[in-house]
Amino acid sequence: MHLMHSGRLVEGRQELPPVIKKLCQDIVEHGAMINSAVSEPATGSPSRGGRPQTTARRQPDGSWRISGRKTFTTGSHALSYFIVGCSIEDAGGVEAGLPPLKSERGNFLVPKSAEGVRIEDTWNTVGMRETGSNDLILEDVHLGSEAYLDEQVPVIPSIQTKQGVWGLVLAAVYLGIAQAARDEAVRFARTRRPNSLKQSIATVPHIQDKIGKIEVLLLESKASLFGLAEHYTENSDNVESAWLEPLNICLPTMLLRSSIYPCG
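The text that follows walks through the structure, step by step, so that each part is easy to find. (Residues numbered from 1 in each chain as written. Predicted model: local features only at pLDDT ≥ 70, side-chain atom pairs only at ≥ 80, totals over all residues. Heavy atoms only, no water.)

The next subject is the overall build of the protein chain. Along its length, the protein chain carries seven helices and seven strands. Buried residues in the protein chain amount to 39% of all 264 residues. Roughly 15,000 Å² of accessible area belongs to the protein chain as shown, and the carbon and sulfur atoms make up 54% of that amount. (Helix = DSSP H or I, 4+ residues; strand = E, 2+ residues; numbered from the N terminus. Buried < 20%, exposed > 50% of the residue type's maximum accessible area, 1.4 Å probe, protein only. Areas by Shrake-Rupley, 256 points an atom, 1.4 Å probe, with all protein chains shown as cover.)

What follows concerns the nonpolar core. In this structure, Ile66, Val84, Phe108, Val110, Val117, Leu136 and Leu138 are the most contacted members of the largest nonpolar core, which totals 20 residues. Those residues in contact with leucine 138, other than ones at most four positions away along the chain, are Thr54, Ile66, Ser67, Gly68, Val84, Val110, Gly116 and Val117. (Core = buried A, V, L, I, M, F, W, Y, C linked by side-chain atoms within 4.5 Å. Contact = heavy atoms within 4.5 Å.)

Position of asparagine 134 relative to the elements: it lies in strand 7 (residues 134–143). Reaching out from asparagine 134, the side chain makes a polar contact with the backbone nitrogen of threonine 122 at a distance of 3.1 Å. At 3.0 Å, the side chain of asparagine 134 forms a polar contact with the backbone nitrogen of tryptophan 123. (Polar contact = N/O pair within 3.5 Å; in protein donor to acceptor, adjacent residues only side chain to side chain.)

This paragraph deals with the packing of helix 1 (residues 2–10) against helix 2 (residues 18–30). The contact between helix 1 and helix 2 brings their axes to 11 Å, and the two run at 145°. Here the hand of the crossing between helix 1 and helix 2 comes out left-handed. In this structure, helix 1 contributes His2, Ser6, Leu9 and Val10 to the contact, and helix 2 contributes Ile20, Leu23, Cys24 and Ile27. Residue composition of the contact of helix 1 with helix 2, grouped by class: six nonpolar, two polar and no charged. (Axes fitted to C-alpha atoms, helices over the stretch in contact; angles between N-to-C directions. Left-handed = near helix turned anticlockwise from the far one by under 90°. Nonpolar A, V, L, I, M, F, W, Y, C, P; charged D, E, K, R; others polar.)

Under the definition given, this model contains four aromatic pairs. When the ring of phenylalanine 72 is compared with that of tryptophan 123, the centres are 5.9 Å apart and the planes differ by 85°; the resulting orientation is edge-to-face. Of this pair, phenylalanine 72 sits in strand 3 (residues 64–73) while tryptophan 123 sits in the loop between strand 6 (117–120) and strand 7, and the two are 51 residues apart along the sequence. Residues phenylalanine 108 and tyrosine 148 carry aromatic rings whose centres are separated by 4.9 Å and whose planes lie at 15° to one another, so their mutual orientation is stacked. Taken together, the positions of phenylalanine 108 in strand 5 (residues 105–111) and tyrosine 148 in the loop between strand 7 and helix 3 (149–152) put the pair 40 residues apart, joining distant regions of the chain. The class of phenylalanine 108 is buried, set by a relative accessible area of 0%. Residue classification places tyrosine 148 among the buried positions, given a relative accessible area of 6%. Stacked on the ring of phenylalanine 226, the Lys or Arg lysine 222 has its end atom at 5.9 Å from the ring centre. (Phe/Tyr/Trp six-rings, centres within 6.5 Å; stacked < 30°, edge-to-face > 60°. Lys NZ or Arg CZ within 6 Å of the ring centre and 35° of its normal.)

Here we take up a nonpolar patch on the surface. Where nonpolar side chains cluster on the molecular surface, the patch consists of Met1, Leu170, Val173 and Ile177 and spans about 340 Å² of accessible area. Note on methionine 1: relative accessible area 42%, which makes it partly exposed. (Patch = residues over 30% accessible without salt bridge, like charges linked within 9 Å, V, L, I, M, F, W, Y side chains within 5 Å. Salt bridge = Lys/Arg side-chain N within 4 Å of Asp/Glu carboxyl O.)

Looking now at helix 1. By the burial criterion, the buried members of helix 1 are His2, Met4, His5, Ser6, Gly7 and Leu9. Buried-residue contacts for helix 1 involve helix 2, strand 1 (34–37), strand 4 (81–90), helix 3 and helix 5 (168–191). Residue glycine 12 follows helix 1 closely and has a positive phi angle near 75°.

When the charged atoms of two side chains with opposite charge come close together, those side chains can pair. Applying the stated rule across the entire model yields 15 salt bridges. Here glutamate 215 makes a salt bridge to arginine 182, at a shortest N to O gap of 2.8 Å. Highlighted residues: glutamate 215 in helix 6 (residues 205–234) and arginine 182 in helix 5, separated in sequence by 33 residues. You can call glutamate 215 partly exposed: its relative accessible area is 30%. Each of Arg69, Arg118, Glu120, Asp135 and Glu139 takes part in salt bridges that share partners, so that together they form one network.

On to the side chain of serine 200, then. Along the chain, serine 200 turns up in the loop between helix 5 and helix 6. With relative accessibility at 15%, the residue serine 200 sits in the buried group. The residues contacting serine 200, other than those within four sequence positions of it, are Ala189, Arg190, Thr191, Arg192 and Arg193.

All right, on to the packing of helix 5 against helix 6 then. The geometry of helix 5 relative to helix 6 is characterised by a closest axis approach of 10 Å and an angle of 160° between their N-to-C directions. Classed by the angle they form, the pair helix 5 and helix 6 counts as roughly antiparallel. As for the relative orientation of helix 5 and helix 6, their crossing is left-handed in sense. Between helix 5, through Leu168, Ala171, Ala172, Leu175, Ala178, Gln179, Arg182, Ala185, Val186 and Ala189, and helix 6, the contact on the second element is made entirely by Ile207, Ile211, Ile214, Glu215, Leu218, Ser221, Lys222, Leu225, Phe226, Leu228 and Ala229. Here the residues of the contact of helix 5 with helix 6 are counted per class, giving 16 nonpolar, two polar and three charged. (Parallel < 35°, antiparallel > 145°, perpendicular 65-115°, else oblique.)

Here it is as structure tokens:
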């Protein structure tokens, strides 16, 4: 997620605003990490259309004050920056000589070091404790005008396709998980010997068939992933969005199927 978010902030842009340059400098020189914080207790994922209860209020001087709670903030203790989805309110307005706001919600870059930012340890999920997906608490966090990311790096239709390629790093994680699952399935098949057999279950035809299907799925997935990465590297100006979206949707599904095949 760190690579995806940092990559999408800079991909295809000829000139970067100072706030993004500073972020990149912190990443390179100090190992800073970034992730999004969008889910909330009441609304869940924003993909369901709920309006964020976390609010960013624009002040008369153009700065922002942000308050709210975000859940499932993966990597919370290791992060240096959060991309926080907020509902936008205006306490400044035209009277203060500020331009009118163009949206009722937006994304803000919040440094972990900002006053009023803290992590509440709410995450203790079996098997996923290491993700550190704790709650992010924002208590009247005061940030400059440059924190409003949607103004700093606005959506540019001509580069949206290029930005989509950063989904490949997430697909690579799925591929690695599936490969490890295949290795474990093979290890188990070779060592599992019920008293009804003289040899391990790896010699049973239907087990071999299932391992073969896993291998085929992995080969297809690897070919898709590395093929698109090579295509993008050779000609980043000619990446078909039709390639990217199916890969982002279908590759994880395909790899998860290969991970859960029963081995007998």
